[in-house]
Amino acid sequence: MTDIFQAVINGVLTGALIAIPAMGLTAIFAVLRYVNFAIGSLATTGAFAAWMLNTHAGWPVLPSMAGAFVLVAAAGLAIEQAALSRLRPSGALTVAIASIAVGIILENMLRFGFGNDLRAFDLPLMRDWRFWGLRVGPQQLQTAGIALAIMAAVFAFLRFTRYGKAMRAVADNPDLARLFGMEPRRIAMATVALGTGLTGVGGALLGLDSAIDPMSGSRLLLPIFAAAVLGGLGSIPGAVAGAILIGIGEELSLLVIPATYRSAVGFLTILLVLSFRPGGLFGERAA
Amino acid sequence: MLEVAGLVAGYASAEQILKGVSVEVGAGELVTLVGPNGAGKSTLLKVVSGLVPAREGQVLLEGRDVTRQSAVERARAGFAFVMQEKNVFGTLSVAENLELACYARPVEMAARRASIYDRYPVLADKRRALARTLSGGQRQILAMAMALLTEPKMLLLDEPTAGLSPKATEELFEVVLGLRDLGLPILMVEQHALEALEVSSRGYVLVSGTNAAEGEGPALAADPEIRRLFLGG
């Protein structure tokens, strides 16, 4: 029973980290109606950006993550403007395939620049806390706490600010938004900046949790996508719920299958959701 | 107030839907467009609002040419368009819908919303409800209220009573007549053509994307030929 509780705790903590890039992916889908598979490599870019700022420039963790947000948001916007938006007339599938290509290019640029070695943030080592036979790392709790604060900030932005509500309106009905003076194109670009920036921060958080390498984000692409699909593509609360469930599912699966097959949870989830409940847990887009 | 002259328009790669339509709406007038399905009535409103581009012709608001302006620019210029369907943000609350209706002019929003709640108490009661949970009639009233919050110079209504119960239809007609009495110019497409023409200053009959007839609303409603051909009477 202790193993199960431990797996649930680990799953929630991991899920909180997956939730940030999943929110980014689903926000972009809600407004632009395509799945940006470059999210994995953008997360890696954020992880390396934060790592550079932390270990080379000597920035503390939080400013390093803010730097990662800005850098990856700028990169995401540049990619959208230079490549993806030009392909939109050819349909969502074409844009999604192009985003895979962009992801591969980014990943190889990182490999070229940093090599394949594992890198770690400059953080003090701390002993795990133990209680009732369970174990939790202080660093894990800190990164999960930052992830929760980011989620709360994104929810507050979308729910209480005029621009956040406009983003939700454009995601709901772009034609109607135009009739009330909202600029769907400008709002879409702001959403891309927000979504990719969040992905960059998500990558940085995952870097805090473990070491990073140029493949870190790509390995997470499947659980991130599965989380967004499970929650309902286009739904921000859905992405968070989906990420927590995927995190728990992956950790529980380790009790019965070898770690090598852990990614089966994401595959299976996507297969089941698309087969039986294509709208996901939260039904329709409700960013 | 609104002058539409020789409008030619259609959807991408399809044939022209509008083939030279001309319509005028004067200050304080309620003008109704009637005609068979496929005549181009709804397309005309979409072109006037800027959602569909005009290929030829002109759209003038208060004498100013807005033909090449985007829907966003036209909304800021004073057009308000209540579409037949998907005319509210379903995943947002009633209060949020009303707030976003003030997006182009975000001043005195609380007072403007309060006046809407006074005029339409049903919206005040439902202010926290998601718009998609409203009944058909309530949704149309919300859509109308959102249009009013933009303080428009010209209101375009596309079949505002479509799909409503007889009681809700009657209530919505009252709302439209109330707006007309306030002096707001309205160009309306309405499925209850006879009733709409009877309360309209003028009416236009469109057939296959062209002007087939025009005149005073009650006169058109009483014309036996028009009634036989288009109004089922």
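### Re the overall build of chain B
Within chain B, the regular secondary structure consists of 10 helices and 10 strands. Against the 2.2 N^0.38 benchmark of 17 Å for 233 residues, chain B shows a C-alpha radius of gyration of 17 Å, consistent with a compact globule. Taken along its principal axes, the extent of the C-alpha atoms in chain B is 45 × 40 × 35 Å. The 233 residues of chain B split such that 45% are buried. Contacts in chain B between residues far apart in sequence, at least 24 positions, make up 65% of those at least 6 positions apart.

### Description of the nonpolar core
Within the largest apolar cluster, 165 residues are counted, with the highest numbers of intra-cluster contacts made by Ala19(A), Ala227(A) and Leu156(B). Considering each element in turn, this core owes the most residues, 15 residues, to helix 1 (residues 2-32) of chain A. Every residue in contact with Ala19(A), bar those within four places of it in the chain, is listed here: Ala147(A), Met151(A), Ala227(A), Ala239(A), Val240(A), Ala243(A) and Ile244(A).

### Observations concerning the sheet that holds strand 4 (residues 56-61) of chain B
Strands pair in a sheet through their backbones, by hydrogen bonds, and they do so in one of two ways: parallel or antiparallel. Residue and element names in this part refer to chain B. With antiparallel pairing, four strands are arranged side by side in an open sheet as 2-1-4-5. Because the sheet does not close on itself, it has two edges, and the strands there are strand 2 (18-25) and strand 5 (64-65). Bridging between strand 1 (residues 2-9) and strand 4 involves five bridges; their strand directions are antiparallel. Each bridged residue has a counterpart across the sheet, and for Glu3 the counterpart in strand 4 is Leu60. Helix-sheet contacts for helix 1 (residues 41-49) involve strand 1, strand 2 and strand 4, and the interaxial angle to strand 1 is about 110°.

### Some words on the interface of chain A and chain B
Each partner contributes to the interface: chain A provides 17 residues, whereas chain B provides 21 residues. Of all the secondary structure elements, the ones that give two or more residues to the side of chain A that touches chain B are helix 6 (162-172) and helix 7 (174-179) of chain A. At six residues, helix 6 of chain A tops the list of elements feeding residues into the side of chain A that touches chain B. Looking at the side of chain A that touches chain B residue by residue, the classes come out as seven nonpolar, two polar and eight charged.

### Comments concerning the confidence of the model for chain B
All names here are of chain B. For chain B, the average pLDDT comes to 88, and 97% of its residues sit at 70 or higher. Least confident of the elements in chain B is helix 10 (residues 224-230), whose mean pLDDT is 76; most confident is helix 3 (residues 94-101), at 95. Listed scores for the predicted complex are pTM 0.86 and ipTM 0.87.

### Some words on the packing of helix 2 (residues 39-55) of chain A against helix 3 (residues 61-87) of chain A
All names here are of chain A. Axis separation between helix 2 and helix 3 bottoms out at 8 Å; the angle between their running directions is 140°. For the element pair helix 2 / helix 3, the angle class is oblique. When you trace helix 2 past helix 3, the crossing you get is right-handed. Every residue of helix 3 that contacts helix 2 at Leu42, Thr45, Gly46, Ala49, Ala50, Leu53 and Asn54 is listed here: Val61, Ser64, Met65, Gly67, Ala68, Leu71, Val72, Ala75 and Gly76. Looking at side-chain class alone, the contact of helix 2 with helix 3 contains 10 nonpolar, six polar and no charged residues.

### As for the environment of Val59(B)
Residues and elements named next belong to chain B. Relative to the helices and strands, Val59 is located in strand 4. Judged by C-beta crowding, with 24 C-beta atoms within 10 Å, Val59 ranks as buried. Along the primary structure Val59 and Ala5 are separated by 54 residues, whereas in three dimensions their C-alpha atoms are 6.6 Å apart. Excluding residues within four positions of it along the chain, Val59 makes contact with Val4, Val48, Ala54, Val66 and Thr67.

### So, the sheet that holds strand 6 (residues 79-82) of chain B
All names here are of chain B. Pairing is mixed in the open sheet, where six strands are placed in the order 6-7-8-3-9-10. Among the strands making up the open sheet, the edge pair consists of strand 6 and strand 10 (210-216). Ignoring strand direction, the axes of neighbouring strands in this sheet form an average angle of 15°. Contacts between helix 1 and the sheet are confined to strand 3 (30-34), strand 6, strand 7 (154-158), strand 8 (186-189) and strand 9 (202-207), with strand 7 contributing the most and set at about 145° to the helix.

### Re the environment of Ala169(A)
Checked against the element boundaries, Ala169(A) lands in helix 6. Under the C-beta neighbour-count criterion, Ala169(A) is labelled buried, with 25 such atoms within 10 Å. Not counting residues within four places of it along the chain, the set of residues in contact with Ala169(A) comprises Ala177(A), Met182(A), Phe89(B), Leu92(B) and Leu100(B).

Procedures and definitions
- Residues numbered from 1 in each chain as written.
- Chains lettered and ligands numbered in written order.
- Predicted model: local features only at pLDDT ≥ 70, side-chain atom pairs only at ≥ 80, totals over all residues.
- Helix = DSSP H or I, 4+ residues; strand = E, 2+ residues; numbered from the N terminus.
- Rg over C-alpha atoms; globule rule 2.2 N^0.38 Å.
- Buried ≥ 20, exposed ≤ 12 C-beta atoms within 10 Å, placed from the backbone.
- Contact = placed C-beta atoms within 7 Å.
- Core = buried A, V, L, I, M, F, W, Y, C linked by C-beta atoms within 7 Å.
- Pairing = 2+ DSSP bridges.
- Axes fitted to C-alpha atoms, helices over the stretch in contact; angles between N-to-C directions.
- Nonpolar A, V, L, I, M, F, W, Y, C, P; charged D, E, K, R; others polar.
- pLDDT = per-residue confidence, 0-100.
- Parallel < 35°, antiparallel > 145°, perpendicular 65-115°, else oblique.
- Left-handed = near helix turned anticlockwise from the far one by under 90°.

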